[in-house]
Amino acid sequence: MASTKLAIHETLELHEVLTLKQSCLVKSYALQSLVDDDTLKAILDNDVSSSEKAIKELQEILKQ
């Protein structure tokens, strides 16, 4: 049976990705209030949704 425990370098890399996704989420939230273009707002909304989903998934992986 394969081990599901992450190696230290894998954990550190996941933390880096998590930090980047959180930074992107904060930036998208901030830009939403400044944007007037509907297309760009839709892109930012989509980015917020996908970033939130990715953050939850990464957090679940790191809990193992």
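Preceding block: the structure.
The text that follows walks through the structure, step by step, so that each part is easy to find. (Residues numbered from 1 in each chain as written. Predicted model: local features only at pLDDT ≥ 70, side-chain atom pairs only at ≥ 80, totals over all residues. Heavy atoms only, no water.)

The geometry of helix α1 (residues 8–32) relative to helix α2 (residues 38–63) is characterised by a closest axis approach of 9 Å and an angle of 155 degrees between their N-to-C directions. The orientation of α1 with respect to α2, classified from their angle, is roughly antiparallel. Considering the relative orientation of α1 and α2, their crossing is left-handed. Of the residues contributing to the contact of α1 with α2, the split by class is 14 nonpolar, seven polar and five charged. (Axes fitted to C-alpha atoms, helices over the stretch in contact; angles between N-to-C directions. Helix = DSSP H or I, 4+ residues; strand = E, 2+ residues; numbered from the N terminus. Parallel < 35°, antiparallel > 145°, perpendicular 65-115°, else oblique. Left-handed = near helix turned anticlockwise from the far one by under 90°. Nonpolar A, V, L, I, M, F, W, Y, C, P; charged D, E, K, R; others polar.)

Let us now look at the side chain of serine 28. In this fold, serine 28 is placed in helix α1. Residue classification places serine 28 among the buried residues on the basis of a relative accessible area of 4%. Once residues lying within four places of it in the same chain are set aside, the contact partners of serine 28 are Leu44, Asp47 and Val48. (Buried < 20%, exposed > 50% of the residue type's maximum accessible area, 1.4 Å probe, protein only. Contact = heavy atoms within 4.5 Å.)

Position of isoleucine 55 relative to the elements: it lies in helix α2. Residue isoleucine 55 is classed as buried on the basis of its relative accessible area of 9%. Distance in space between the C-alpha atoms of isoleucine 55 and valine 17 is 9.0 Å, their sequence separation being 38 residues. Residue contacts for isoleucine 55: discarding those within four places in its chain leaves Leu18, Lys21, Gln22 and Leu25.

Listed in full, the six residues of the largest apolar core are Leu14, Leu18, Leu25, Val48, Ile55 and Leu58. For this core, the elements supplying multiple residues, two or more each, are α1 and α2. Once you skip the residues sitting within four places of it in the chain, valine 48 turns out to touch Leu25, Ser28, Tyr29 and Gln32. (Core = buried A, V, L, I, M, F, W, Y, C linked by side-chain atoms within 4.5 Å.)

These values are about where atoms sit, not about what they do.
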